[in-house]
Every structure is written in C-alpha cells, then in structure tokens.
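# Observations on chain architecture
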Amino acid sequence: LSAVKELQRQIHQEFDFRLEAQNMEFFRKALGQRFSSDKLVIPETVFVSKRLLVMSLLPGQSLSSLAKSAASSTLSKSFWMRFGRRSFFRQVLSL
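Small disclaimer: the values here were computed from a predicted structure and weren't measured. (Residues numbered from 1 in each chain as written. Predicted model: local features only at pLDDT ≥ 70, side-chain atom pairs only at ≥ 80, totals over all residues. Heavy atoms only, no water.)

Attention now moves to the pattern of salt bridges. Under the criterion given, the structure shown has three salt bridges. Of the charged contacts, one joins Arg18 and Asp16 as a salt bridge, the two residues approaching to 2.9 Å between their closest N and O atoms. With a closest N to O distance of 3.2 Å, Arg28 and Glu25 form a salt bridge. Of this pair, Arg28 and Glu25 both sit in helix H2 (residues 17-32), three residues apart, which is roughly one turn of that helix. Arg28 gets classed as partly exposed once you look at its relative accessible area, which sits at 23%. For Glu25, a relative accessible area of 33% translates into the label partly exposed. (Salt bridge = Lys/Arg side-chain N within 4 Å of Asp/Glu carboxyl O. Helix = DSSP H or I, 4+ residues; strand = E, 2+ residues; numbered from the N terminus. Buried < 20%, exposed > 50% of the residue type's maximum accessible area, 1.4 Å probe, protein only.)

Written out as structure tokens, the structure is:
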C-alpha cells in the first residue's frame, strides 16, 4: 500500500507545473553559465499555476517537422539514429 501512496505522491508532483517552472529556472541559471544564449535557449515562464504553465514562444522548428525532414532525407535512418544518440550523449556528458 505504501508503494501506491508513493506513486500517487510522485504523480501529483509531476503534474504540478509550479515545480516544472522552478526546474526551468534552475536549468536556465545552471546552463546559462556554461553556454552562450545563441546556442541554448530555455523558454521563460510567462504564467504558472498548479495546473497551467505558459512559456514564451521560441522561434524554430518543431520536433515533428524535423522528424519529417529526416524521414524524407536521402540520409539513412541509421545515420539519424547515430546523430541523435551522439548529440544526446554529448549534451548529457558535457553538463
């Protein structure tokens, strides 16, 4: 029964957007010291409540449009998988 209560607590925390806004601000400060603002942009919190998080709109491409571009590319799927994996680990390991 305690595992169910712990899961409930974690779900409530996960869907509290005030915590998400705090995490965004933490990463903005932590990563902003390591990267120039033209390489990494984290949206700003415009409004936050427990159930709603409004962030600033950033220019760029959506992940779905990038995925479509990659799918129609002459480059192979394995290339995109290696590229994504390499990019992900480079970002994570360089923090």
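Okay, back to it.
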